[in-house]
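A look at the structure
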Amino acid sequence: MPICQNLRFTASVPKDTEFERPPGALLMRRLSRELSAAGWSTDEMDNWRDSGWSLTCRRGSADLEALLSWVERGYWMLQISPTRAPGFVGRLLGAAPSATSADVHQLALAVHRSLSTLQYLGSPQWRWDGFPDEKHSTPEPQPA
């Protein structure tokens, strides 16, 4: 089962007035508002290991996380995944991920629309479970 959707994109994001580092606070804050308006419940964004921003998103029984980080030369990476994904032993003992592949795809579609609405979605490259490069990606999120 595919676990995460990864997005590589370009965007010119103004500096945030509250947080200078890591980059992307303004983008994540605006994305959170857009996702809330689209029916997702979002928690307050969190500084993710001083390298980006994380945002927990919920709808129904799905519990997901979106991680945003600036990569280089104007490129950003965003990953959408279940907040909990048990390993082999956990699955043997009956544990399940906090979201299905279909839930990940639904949030990816909402993120794609939101970033497009905010005009922060240049050259989008989506890929399941891997780095989205020119050869192995699609311009819109695809179902698993």
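As shown above, the structure is provided for reference.
Here is a short report on the structure shown in this document. None of these values were measured; they are calculated from a predicted model. (Residues numbered from 1 in each chain as written. Predicted model: local features only at pLDDT ≥ 70, side-chain atom pairs only at ≥ 80, totals over all residues. Heavy atoms only, no water.)

If you look at the biggest cluster of nonpolar residues, it comprises 31 residues, and the most contacted ones within it are Phe9, Leu35, Ile80, Val111 and Leu115. Elements that contribute at least two residues to this core include exactly β1 (5-10), α1 (25-37), β4 (52-59), β5 (62-72), β6 (75-82), α3 (101-117) and β7 (122-128). Setting aside anything within four residues of it in sequence, one finds Val111 in contact with Leu31, Leu35, Leu78, Ile80 and Trp126. (Core = buried A, V, L, I, M, F, W, Y, C linked by side-chain atoms within 4.5 Å. Buried < 20%, exposed > 50% of the residue type's maximum accessible area, 1.4 Å probe, protein only. Helix = DSSP H or I, 4+ residues; strand = E, 2+ residues; numbered from the N terminus. Contact = heavy atoms within 4.5 Å.)

To continue, consider α3. With 17 residues, α3 should reach 24 Å at 1.5 Å per residue; the first-to-last C-alpha distance of 24 Å fits that figure. Of the residues making up α3, those classed as buried are Ser101, Val104, His105, Leu107, Ala108, Ala110, Val111, His112, Ser114 and Leu115. Two residues or fewer after α3 comes Gln119, characterised by a positive phi angle close to 60°. (Expected span 1.5 Å × (residues − 1).)

Right, let's talk about the packing of aromatic side chains for a bit. Taken as a whole and judged by the stated rule, the model has one aromatic pair. With centroids separated by 5.1 Å and ring planes inclined at 55°, the aromatic side chains of Phe19 and Trp53 adopt a geometry described as tilted. One end of the pair, Phe19, is in the loop between β1 and α1; the other, Trp53, is in strand β4, with 34 residues separating them in the sequence. Positioned above the aromatic ring of Tyr75, the side-chain terminus of Arg8 is 4.0 Å from the ring centre. (Phe/Tyr/Trp six-rings, centres within 6.5 Å; stacked < 30°, edge-to-face > 60°. Lys NZ or Arg CZ within 6 Å of the ring centre and 35° of its normal.)

Here we take up the pattern of salt bridges. Going through the model one piece at a time under the given rule, you end up with seven salt bridges. Linking Arg8 and Glu134 is a salt bridge whose minimum nitrogen-to-oxygen distance equals 3.8 Å. Linking Arg8 in strand β1 with Glu134 in the segment after β7, this pair joins segments that are 126 residues apart in sequence. Judged by its relative accessible area of 12%, Arg8 falls in the buried class. On the basis of relative accessible area, Glu134 is assigned to the exposed category, the value being 58%. For Arg29, the salt bridge identified is with Asp16, shortest N-O distance 2.4 Å. (Salt bridge = Lys/Arg side-chain N within 4 Å of Asp/Glu carboxyl O.)

The next subject is the pairing of β6. Buried residues dominate β6, accounting for six of its eight residues. Sheet topology places β1 next to β6; six bridges connect them, and they run antiparallel. Bridging from a neighbouring strand, Leu7 pairs with Leu78 of β6. Between β5 and β6, which pair antiparallel in sequence order, lie two residues; one of them, Arg73, sits at a positive phi of approximately 45°. (Pairing = 2+ DSSP bridges.)

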